[in-house]
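# Structure at a glance
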Amino acid sequence: GAACRGALRGVGGVCVRDSWSERQLAPLPNVQRLADLAVLDLAENAERIDRAGVGGRVGFVARRVGHAGGYEDMLLTVARSLGDRAVWAVQTVGDPTKSDAVHYERLGVVAAGRLEKLLEARDLSVVVSVRLHGALMALRAGAPAIHLAYDRKGPAAFADLGLDDWCFDVRSLDGDRLRAVVDQLSADPGPYWQCVADRTPSLRDASERLDSL
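## Overview of the packing of helix α3 (residues 37-44) against helix α10 (residues 190-212)
Relative placement of two packed helices is described by the angle separating their axes and the distance separating the axes. Interhelical geometry of α3 versus α10 gives an angle of 115 degrees and a closest axis separation of 8 Å. With respect to each other, α3 and α10 are oriented roughly perpendicular. Our pair here, α3 against α10, has a crossing hand that is left-handed. Contacts between α3 and α10 involve L37, V39, L40, L42, A43 and E44 from the former and V196, T200, L203, R204, A206, S207 and L210 from the latter. Its residues assigned to classes, the contact of α3 with α10 shows 9 nonpolar, 2 polar and 2 charged.

Shown next as C-alpha cells:
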C-alpha cells in the first residue's frame, strides 16, 4: 500500500518477484520485476540437470496452510490412489509450527525421509510439493515438480519457468486433475523439460540484468 511505496521511494532500486507486487508498486520508477533467485540459479545451471528416469516413485511434500484447511484430505486421497508409488518427503524441519515432519504426524503419515536424500538417491520421478523451494529443489535434482501454491510467489516462479500448467492453487485443489497430471508427467516429462529449456535464455538474461543492478 501507500506506506510500502513511501518506504521504498528513496531506495536506489527494488526488485520484486511477482507481477502482483509489481502492479501494487507501479507508481514507483525504481521498481522492476525479476524472477525468484532460486529460479535464476536453476536457469544458470540448466545444463547440469541430470533428469530422473520415468516410472519411479512420486514424492509428496506438504505443509500446514492456514487459509487452505482441508486440502490435505485431497492430497492424501491422491497419494493413496498411487499405492506404493507414493512417498512422503520432509523438506523443512526445526520450528514445530513449520516442520513438515510434525505436520505429517498430525495427518497420520509416515515420511520416507528428507527430500534431498530421496532426490540424491534418484528415487523419485515426480514431486508434488506445497513448498515452492521443495519444488525447485526437485527440479534442480532432475525430478519434474508439480507445485501446489498457497501464495503469490509460487505461481510467479512457475510462470517464469514456463510451467503454469504444472502449478495449482492449493485452495481449490481438484484431486482428479492432479492425479491425471501426475500420471502424464510420470509417463512423459518431455514437454515439461522443453518448457524449462524455452525459458532458460530469458532467465539468464534476467540474471545478468540483476548482476548489473
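## Observations concerning the nonpolar core
Among the nonpolar cores identified, the biggest contains 62 residues, and F60, L75, I146, L148 and L178 are the most heavily contacted of them. Excluding anything up to four places from it in sequence, L75 contacts F60, A62, W88, V128, V130, L148 and L178.

## Describing the sheet that holds strand β4 (residues 86-90)
Across the sheet, which stays open at both edges, the 6 strands sit in the order β5-β4-β3-β6-β7-β8 with parallel pairing between neighbours. One side of each edge strand has no neighbouring strand; the edge strands of this open sheet are β5 (113-114) and β8 (167-169). For strand β7 (residues 145-149) and β8, the ladder comprises 3 bridges, and the chain directions are parallel. When the bridges of β8 are listed, H147 appears paired with C167. Across the face of the sheet, helix α7 (residues 132-140) comes into contact with β6 (124-129) and β7 while running at roughly 170 degrees to β7. Running over the sheet, helix α8 (residues 153-160) touches β7 and β8 and is turned about 150 degrees from β7.

Parameters at a glance
Note on numbering: residues in each chain are counted from 1, in written sequence order. Two thresholds apply to this predicted model, a pLDDT of at least 70 for residue-level local features and 80 or more for giving and counting side-chain atom pairs, whereas whole-chain, interface and lining totals are computed over all residues. Excluded from the side-chain calculation are hydrogens and water; included are all heavy atoms of the structure. Throughout, an axis means a line fitted to C-alpha atoms (over the contacting stretch in the case of helices), and angles, computed between N-to-C directions, take values from 0 to 180 degrees. We count a stretch as a helix when DSSP gives it H or I for four or more residues in a row; a strand needs E for two or more, and each element gets its number in order from the N terminus. In this scheme, roughly parallel covers angles under 35 degrees and roughly antiparallel covers those over 145, while 65 to 115 is roughly perpendicular and the rest are oblique. The sense of a crossing depends on the near helix, which, turned anticlockwise from the far helix by less than a right angle, makes the crossing left-handed and, turned clockwise, makes it right-handed. Throughout, a contact is declared for two residues whenever any of their heavy atoms are within 4.5 Å. Charged residues are taken to be Asp, Glu, Lys and Arg, nonpolar residues to be Ala, Val, Leu, Ile, Met, Phe, Trp, Tyr, Cys and Pro, and polar residues to be all remaining types, Gly included. Put simply, a nonpolar core is a bunch of buried Ala, Val, Leu, Ile, Met, Phe, Trp, Tyr and Cys residues held in one set by side-chain atoms that sit within 4.5 Å of each other. A simple rule labels every residue: compare its accessible area, found with a 1.4 Å probe on the protein chains alone, to the largest value its type can have, and call it buried under 20%, exposed over 50%, or partly exposed in between. For two strands to count as paired, DSSP must find a minimum of two bridges between them.

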